[in-house]
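Listed below, chain by chain, are the residues.
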Amino acid sequence: DVKVTQSSRYLVKRTGEKVFLECVQDMDHENMFWYRQDPGLGLRLIYFSYDVKMKEKGDIPEGYSVSREKKERFSLILESASTNQTSMYLCASSFTAGAPQYFGPGTRLTVT
Amino acid sequence: QQQVKQSPQSLIVQKGGIPIINCAYENTAFDYFPWYQQFPGKGPALLIAIRPDVSEKKEGRFTISFNKSAKQFSLHIMDSQPGDSATYFCAAPPNAGNNRKLIWGLGTSLAVNP
């Protein structure tokens, strides 16, 4: 089975802190994604990566950056956390374009 | 911006009922329509998917029907059970040549009462 793991299930950070969220997949997938999920807003794509060191902006990239130095690992970085970034963050991966996306369990981030 | 419009936002049925969730899309070039199921505290998981060259696909109690002329696809859950209570999302790629990412519906919260 495909496994996508995220570094933390719950995280509490202070405004202005730099926050790293890590995601690892174990199935040699090409594509990796970061979403945030908020009530009533569904899943919104922040960034995705289709190869090592390659990235594309999603629908809401402002305030975020990403890093993919190894194929299996995709990191989401909040350079200076703000309260409006309090959310559930979901990582996903897919084998190739058009293939199903497999999700991790999510990280619930609270910024105070 | 292309959209996928999902309805209803929430749904309550009795055990054994057949909830139906609808999604309407705007772009005729969509070539892959997945449905995802999400339980509380978990990430979404692929439930079933359909390509537009077929009008219906069944997997167990779950059926997707696709109406290309109406630009709609629907999820039917036969003989629904309390364990089906979850949030369901439809999705589609933005166009036939760009299916690395998906456009998501806003989700339908389904409650199946015992």
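In this text, all values refer to a predicted model and were calculated from it rather than measured experimentally.

Secondary structure assignment for chain B yields zero helices and eleven strands. Listing every helix and strand of chain B by position from the N terminus yields β-β-β-β-β-β-β-β-β-β-β. Here chain B has a C-alpha radius of gyration of 14 Å; the compact-globule value for 114 residues is 13 Å, and the two agree. The principal-axis extents of the C-alpha atoms in chain B amount to approximately 45 × 30 × 20 Å. Scored against the burial criterion, the 114 residues of chain B give a buried share of 46%. Considering only contacts within chain B whose residues lie at least 6 apart along the sequence, 54% involve residues at least 24 apart. Accessible surface for chain B amounts to roughly 5400 Å². Of this, 49% is attributable to carbon and sulfur atoms.

Before going further, it helps to spend a moment on the state of the cysteines. Residue and element names in this part refer to chain B. Within this structure, the stated rule accounts for two disulfides over all chains. Each sulfur of the disulfide joining Cys23 and Cys90 lies 1.7 Å from the other. Looking down the S-S bond of the Cys23 and Cys90 bridge, the torsion is -90 degrees, so its handedness is left-handed. On the criterion of sequence distance, the pair formed by Cys23 in strand β3 (residues 20-25) and Cys90 in strand β9 (residues 86-92) is long-range, its members being 67 residues apart. No difference in accessibility class separates Cys23 from Cys90, as the two residues are buried.

On the side of chain B, 17 residues touch chain A, which itself brings 22 residues to the contact. Summing the contributions of chain A and of chain B, the shared interface buries around 1700 Å²; its carbon and sulfur component is 56%. Summed over the shared surface of chain A and chain B, the number is zero salt bridges. Here chain A is connected to chain B by four residue pairs in polar contact (both at pLDDT 80 or more). Looking at the side of chain A that touches chain B, the elements that each hand over two or more residues are β4 (31-38) and β5 (42-51) of chain A. With five residues, β5 of chain A is the largest single contributor of residues to the side of chain A that touches chain B. Split by residue class, the side of chain A that touches chain B holds 13 nonpolar, seven polar and two charged.

Residues Phe33, Trp35, Ile64, Phe73, Leu75, Tyr88 and Leu110 of chain B are the most contacted members of the largest nonpolar core, which totals 24 residues. Counting only elements with at least two residues in this core, the list comes to β2 (10-14), β3, β4 (33-38), β5 (45-50), β7 (62-67), β8 (72-77), β9 and β11 (108-113) of chain B. If one sorts the elements of this core by residue count, β9 of chain B sits on top with four residues. Counting 20 residues, the second-largest nonpolar core is a separate cluster that includes Tyr47, Val66, Leu78 and Tyr89 of chain A.

Cut-offs used in this document
Residues numbered from 1 in each chain as written. Chains lettered and ligands numbered in written order. Predicted model: local features only at pLDDT ≥ 70, side-chain atom pairs only at ≥ 80, totals over all residues. Heavy atoms only, no water. Helix = DSSP H or I, 4+ residues; strand = E, 2+ residues; numbered from the N terminus. Rg over C-alpha atoms; globule rule 2.2 N^0.38 Å. Buried < 20%, exposed > 50% of the residue type's maximum accessible area, 1.4 Å probe, protein only. Contact = heavy atoms within 4.5 Å. Areas by Shrake-Rupley, 256 points an atom, 1.4 Å probe, with all protein chains shown as cover. Disulfide = S-S within 2.5 Å. Buried area = accessible area lost by both parts, 1.4 Å probe. Salt bridge = Lys/Arg side-chain N within 4 Å of Asp/Glu carboxyl O. Polar contact = N/O pair within 3.5 Å; in protein donor to acceptor, adjacent residues only side chain to side chain. Nonpolar A, V, L, I, M, F, W, Y, C, P; charged D, E, K, R; others polar. Core = buried A, V, L, I, M, F, W, Y, C linked by side-chain atoms within 4.5 Å.

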